[in-house]
Amino acid sequence: MAKRYYQPEIETMPVEQLKALQSERLVKQVKHVWENVPYYRKKMEEKGVTPDDIKGIEDLHKLPFLTKDDLREAYPYGLLAKPLKDCVRIQSTSGTTGRRVVAFYTQHDIDLWEDCCARAITAAGGTDEDVVQVAYGYGLFTGGAGLNGGSHKVGSLTIPMSSGNTERQIQFMVDLESTILCCTPSYAAYLGESIEERGVRDQIKLKAGIFGAEAWTEEMRHDIENKLGIKAYDIYGLTETSGPGVAFECEEQSGMHINEDHFIAEIINPETGEVLPEGEKGELVFTSITKEAFPLLRYRTKDLCILSRKKCSCGRTHIKMTKPLGRSDDMLIIRGVNVFPSQIETVLLNEGMTPNYQIIVDRVNNTDTFDINVEMSQEMFSDSLGKISEKEKQLVASLKAMLGIQAKVHLVEPKSITRSEGKAVRVIDKRKLYG
Ligand code: DLL
């Protein structure tokens, strides 16, 4: 009989009991942070809060928020709550200092993280009889490592493919009869198309996919499901909170259960910081109540969504979040990589370009396109064509070094980018991500 990694004692725990568990863990976690993270302790002191004020989840709102700016200020070790000798790994987002998030893990943190990912694989129907092809990037990105570890816990045969090399992905998928695919939804759609083109659809044994790390619509879900003949499940997470597995979809495929024994979720008004009631749209805030090395309290994700504790037919009692419905900052996710327009601006200015540029993102054949139009100065415009194309190449390389992905750079004539009277329109995102 196939073995499942289902943990009903936790995943279907009565809500009152779950809240009591959260309260107990929160109180302990606040003490841990207070004693070990001077940066956050100072923030608490500035707000006039001490650990004695936090008696349970009802007091959570008294704690100060943490933001990406705090991460930047405290980079790299300022939010670490364990001595380095107890930490065994980091994971990170792309980007250079300042925008890069570096998260730390003890072995215990990794165990719990993998546990969350194992729950996600199980909710998608995974057992020890499955062959799980992990096509998220490995290395610093959390996707590969998280799902890899989760798949081991489930006892599935794990194929650590990493992303890219489509030919080889399909070959392994056919030869090893992969049953579960884990990757970004755009890559899943691309794989679906490539499989169709090669006429090998009838040799594919996939039954499910676990897709996340970027926004995707219901239309995209149906497209992937049809192309690959699978059920496509959403998975959510961010580097700051370990990585994937903070929340995942069950067979109902309507919202993602948040692993509430590890994370307390709140929805706030992004303008005022006021906590909003369940059912209202706002910014998602997480408090990690079990992490040892990098325990962020009230971390503002900038993802906009809605929480709901409506009874789920799968029996899980953990609260559900909708797919992110947008962001409250200007971060773009292009081919799974987090990109801030300010990073692009920094590169352009460092390279002696004008600050007149426009970023154009689209999705063609389920792959993100990423173009940047940059105005030349009059002087550069008078240069030879050879020099201009040389400059374009140089910009592409510098941007790749900063962002980790390739953009197409087009040097355009002086004054050809429309000037705005208010805020400059830096980004034209033609993808319909949140529809
Ligand atoms: O993307 C972790 C992850 C890996 C999640 C694999 C799922 C699967 P970061 O690179 O730090 O971490 O990016 C985090 O990605 O704040 C969201 O804006 C976005 N995001 C993550 N999952 C989803 C999703 C990983 N399912 C940022 N739907 C988050 C929409 C998502 N957006």
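If you're wondering where the values come from, they're calculated on a predicted model, not measured in any experiment. (Residues numbered from 1 in each chain as written. Predicted model: local features only at pLDDT ≥ 70, side-chain atom pairs only at ≥ 80, totals over all residues. Heavy atoms only, no water.)

(A) Looking closely at the overall build of the chain. For the chain, the helix and strand inventory stands at twelve helices and 21 strands. Computed over C-alpha atoms, the radius of gyration of the chain comes to 23 Å, within 12% of the 22 Å expected from 2.2 N^0.38 for 435 residues, which places it in the range of a compact globule. Reported as C-alpha extents along the three principal axes, the dimensions of the chain are approximately 70 × 60 × 45 Å. Buried positions account for 56% of the 435 residues belonging to the chain. When the accessible surface of the chain is totalled, it reaches about 18900 Å², and 51% of it is carbon and sulfur. Between the centroid of the 55 positive side chains of the chain and the centroid of its 64 negative side chains there is a distance of 1 Å. (Helix = DSSP H or I, 4+ residues; strand = E, 2+ residues; numbered from the N terminus. Rg over C-alpha atoms; globule rule 2.2 N^0.38 Å. Buried < 20%, exposed > 50% of the residue type's maximum accessible area, 1.4 Å probe, protein only. Areas by Shrake-Rupley, 256 points an atom, 1.4 Å probe, with all protein chains shown as cover. Lys, Arg positive; Asp, Glu negative; His and termini not counted. Charge placed at Lys NZ, Arg CZ, Asp CG, Glu CD.)

(B) Just the sheet that holds strand S19 (residues 367-375), in detail. What the four strands build is an open sheet, ordered S20-S19-S18-S21; its pairing is mixed. Strands at the two margins of the open sheet, each flanked by one partner only, are strand S20 (408-412) and strand S21 (427-429). Each strand of the sheet is rotated relative to its neighbour by a mean of 20°, with strand direction disregarded. Here five bridges tie S19 to S20, and the two strands are oriented parallel to one another. In the strand pairing of S20, Val374 is matched with Leu411. (Pairing = 2+ DSSP bridges. Axes fitted to C-alpha atoms, helices over the stretch in contact; angles between N-to-C directions.)

(C) Fine view of the pairing of strand S12 (residues 299-305). In terms of burial, S12 is largely enclosed, as six of its seven residues are buried. Of the pairings in the sheet, the one linking strand S11 (residues 282-288) to S12 comprises four bridges and is antiparallel in character. Paired with Glu283 across the two strands is Leu304, which belongs to S12. Of the pairings in the sheet, the one linking S12 to strand S15 (residues 326-327) comprises two bridges and is antiparallel in character. If you follow Asp303 over to S15, its bridge partner there is Arg327.

(D) Spotlight on helix H9 (residues 218-228). Those residues of H9 not exposed but buried are Met220, Arg221, Ile224, Glu225, Lys227 and Leu228. Of the residues trailing H9, Gly229 is marked for its positive phi of about 65°.

(E) Representation of the site of the ligand. Neighbouring residues of the ligand: 21 residues in total, closest Ala213, Asp234, Ile235, Thr239 and Asp303. Within the contact set of the ligand, a nitrogen atom lies 3.1 Å away from a backbone nitrogen or oxygen of Ala213. One nitrogen or oxygen atom from the side chain of Arg327 is found 3.2 Å from an oxygen atom belonging to the ligand. About the coverage of the ligand: the protein hides 97% of its 610 Å² of free accessible area. The class makeup of the residues in the shell around the ligand is ten nonpolar, seven polar and four charged. (Near = heavy atom within 4 Å. Polar contact = N/O pair within 3.5 Å; in protein donor to acceptor, adjacent residues only side chain to side chain. Nonpolar A, V, L, I, M, F, W, Y, C, P; charged D, E, K, R; others polar.)

(F) The side chain of Thr301, seen in detail. With respect to the element layout, Thr301 can be found in strand S12. Taking relative accessible area as the criterion, Thr301 reaches 5% and is therefore assigned buried. Polar side-chain contacts of Thr301 include one of 2.6 Å to the backbone oxygen of Leu284. With sequence-adjacent residues up to four places away left out, Thr301 is seen in contact with Tyr236, Leu238, Glu283, Leu284, Phe286 and Arg327. (Contact = heavy atoms within 4.5 Å.)

(G) View of the packing of aromatic side chains. In total, this model carries seven aromatic pairs according to the counting rule given. Pairing Phe263 with Phe286 gives two aromatic rings, centres 6.0 Å apart and planes at 70°, and the pair type is edge-to-face. Placement of the pair is Phe263 in strand S10 (residues 263-268) and Phe286 in strand S11, with a sequence separation of 23 residues. Through successive ring pairs, a cluster of aromatic residues spans Tyr77, Phe104 and Phe294. The side chain of Arg426 reaches across the aromatic face of Tyr357, ending 4.3 Å from its centre. (Phe/Tyr/Trp six-rings, centres within 6.5 Å; stacked < 30°, edge-to-face > 60°. Lys NZ or Arg CZ within 6 Å of the ring centre and 35° of its normal.)

(H) Representation of the pattern of salt bridges in the model. With the rule as written, the count across this model stands at 32 salt bridges. Residue Asp329 is joined to Arg327 by a salt bridge in which the shortest nitrogen-to-oxygen separation is 2.8 Å. For Arg327, a relative accessible area of 16% puts it in the buried group. Put simply, Asp383 and Lys387 hold a salt bridge, and the shortest N to O gap is 4.0 Å. Within this structure, Glu214, Arg363, Asp368, Asp429 and Arg431 form a network of salt bridges that share partners. (Salt bridge = Lys/Arg side-chain N within 4 Å of Asp/Glu carboxyl O.)

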